[in-house]
Amino acid sequence: MLMAASLVLLMTPALALFYGGMSRQKSVLNMMMMSFGSMGLVGIIYLLWGWSMSYGGQSVGGVFANPFEMFGLSGVIGDASGWVASGSGAYPQVVDVAFQVTFAIITVALISGSLAERVKFGTWMAFAGIWVTLAYFPLAHMVWGGGLLSHSENGIAAKIFGTVDDGEGGLTAAVAPIDFAGGTVVHINAGIAALVLVLLIGKRLEFGRTAYRPHNLPLVMLGAALLWFGWFGFNAGSAFGANGAAGLAWVNTTAATAAAMLGWLVAERIRDGHATSLGAASGVVAGLVAITPAAGSVSPLGAVALGAVAGILSALAVGLKYRFGYDDSLDVVGVHLVAGLWGTVAIGLFATGTFDTAAGLFYSADGWKLLVIQAVIAVVALGFTAVMTTIAWALCKPLGWRIDAADEQSGIDGTQHAETAYEPSTTALIR
């Protein structure tokens, strides 16, 4: 579990490389700093009240847990062995904290890709702290902490289709929602937050008039490769043990990602006449996103189908920002929101019923029930995060969101960080 946590932690620096390469030369450092800033800030906040809000036992209406119950990990760390209480597997609870904090960190960092070149770094940091508290921790509690979007007898799923005996003297939802590793909590959450922010903050000055080309495609591909590597901790680690579920998640992660990359490249080839390296890297991420909620509940063939569709959908969706005029700089909406929604809802089609989960429509006559539940949790997650993101944006508005127009023209790296990524002598080579 600690190795899986370390792999997930690696994903945020990998994301910094991915986003940094996609940015223009004059904004690469700022883009990478937004990811690193998220690591620093969320890493502290999670230990203070994030774990307690997500997984504490004192639930407030099934939406969030009492942030003061285990403030500063009080009661989580015990004697020298660390055995206070087991997590989801046979290990100390503090190991579960180590794993879960990495999910919170990367979810916040994902949002930053939508805001390239125009947002004050200080305001971003303030937003990150507020948003993770208002949106991420509650949604993690609702989905994974026994709240409204979980299998709990008090959850939405139980209210729709009733409850059954859980075999341990309690009740559980008759048709339980499935989010193996974060389709709602991570990707829908970050994707809709990105969309709300770009609509509220507005476009870059030259959006629609200038071609924003990635300044370093090898950096993009390196970032995508490291994301793929780290994602095995993300998905296989979410089985919480060295077991068959972990093995299935690993294989499904590979299958869906490979299929999504090919699907994106085929879509590009048909639409544009070229299969690009940026398309390959983006297809990798789309497949990883889509399989995240489904990694433990679909077959490898189902993962291939799910991934291929995700690659095609995301390849088409990234162009919507030009049609509808929202400046999603690095395609957070087109990849994470679209592929996250598809992966979450598609469980209702492809789930095989293994590992004690419900079966989807392609495997059971009652599979429509799971499809309904998956759609419901996706819609609730969308609505909840949209509202919380708007509140977080408003709370940060007095700080000022946008940098000056002149600073945006000259480059956000120099004005916000007093640094440049490359020496002037190398500029011509990179261009």
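These numbers come from a predicted model, not from an experiment.

## Overview of the side chain of Ser 329
Tracing the sequence through the fold places Ser 329 in the loop between helix H11 (320-324) and helix H12 (332-350). Look at Ser 329 and you get buried, because its relative accessible area is 8%. The residues touching Ser 329, leaving out its near neighbours within four places in the chain, are Gly 113, Ser 114, Leu 115, Ala 116, Arg 118, Arg 204 and Lys 321.

## Observations regarding the pattern of salt bridges
For the structure shown, the criterion picks out 8 salt bridges. Salt bridges sharing partners connect three or more residues here, namely Arg 24, Glu 117, Arg 118, Arg 204, Glu 206 and Asp 327.

## A closer look at the nonpolar core
Ranked by size, the top nonpolar core spans 116 residues in total, and within it Phe 18, Trp 124, Trp 131, Tyr 136, Leu 227 and Phe 234 carry the most contacts. Looking at this core, the element that brings in the most residues is helix H4 (residues 121-144), giving 13 residues. Those residues in contact with Leu 227 that sit more than four places away from it in its chain are Met 11, Ala 14, Leu 15, Phe 18, Ile 106, Val 285 and Leu 288. Among the nonpolar cores identified, the runner-up in size contains 5 residues, and Ala 16, Leu 17, Met 32 and Leu 219 belong to it.

## Some points on unusual backbone geometry
Residue Glu 117 is not a glycine yet carries a positive backbone phi of 80°. Phi at Phe 240 takes a positive value of approximately 60°, unusual for a residue other than glycine. Inspection of the secondary structure assignment puts Phe 240 in the loop between helix H7 (217-236) and helix H8 (244-272).

## Details of the packing of aromatic side chains
One pass over the structure, following the stated rule, counts 17 aromatic pairs. Look at Phe 99 and Phe 240: their rings are 5.8 Å apart centre to centre, the planes differ by 80°, and that puts the pair in the edge-to-face class. With Phe 99 in helix H3 (residues 93-111) and Phe 240 in the loop between H7 and H8, the pair connects residues that are 141 residues apart, well separated along the chain. Exposure remark for Phe 99: the relative accessible area of 1% places this residue in the buried category. Arranged with centres 4.2 Å apart and planes meeting at 10°, the rings of Phe 232 and Trp 250 form a pair that is stacked. Placement of Phe 232 in helix H7 and of Trp 250 in helix H8 is noted, with a sequence separation of 18 residues between them. Given a relative accessible area of 14%, Phe 232 falls into the buried group. Here Trp 250 falls in the partly exposed class, since its relative accessible area comes to 42%. One aromatic cluster is present, built from ring pairs that chain together Phe 99, Phe 103, Trp 144, Trp 231, Phe 234 and Phe 240. Cation over ring: Arg 204 sits above Tyr 212, and NZ or CZ is 3.7 Å from the ring centre.

Each value, and the rule that gives it
Once a new chain begins, its residue numbering starts again from 1 and follows that chain's sequence as written. Predicted model: local features are reported for residues with pLDDT of at least 70 only, side-chain atom pairs are reported and counted for 80 or more only, and whole-chain, interface and lining totals are derived from all residues. Only hydrogens and water are set aside; all other atoms, that is, all heavy atoms of the structure, feed into the side-chain values. Each helix corresponds to a stretch of at least 4 residues labelled H or I by DSSP, and each strand to a stretch of at least 2 residues labelled E; elements are numbered beginning at the N terminus. Relative accessibility under 20% of the residue-type maximum defines a buried residue, over 50% an exposed one, and the middle range a partly exposed one, all with a 1.4 Å probe and only protein chains included. The criterion used for residue contact is that any of the two residues' heavy atoms lie within 4.5 Å. One side-chain nitrogen of Lys or Arg within 4 Å of one carboxyl oxygen of Asp or Glu is enough to make a salt bridge. Only buried residues count toward a nonpolar core, which is a set of Ala, Val, Leu, Ile, Met, Phe, Trp, Tyr and Cys residues joined through side-chain atoms within 4.5 Å. Stacked, tilted and edge-to-face are the three classes assigned to paired rings of Phe, Tyr and Trp, where Trp is represented by its six-membered ring and a pair needs centres within 6.5 Å; plane angles under 30 degrees give stacked, over 60 edge-to-face, the rest tilted. In this scheme, the term charge over a ring applies when either NZ of a lysine or CZ of an arginine sits within 6 Å of the ring centre and within 35 degrees of the ring normal.

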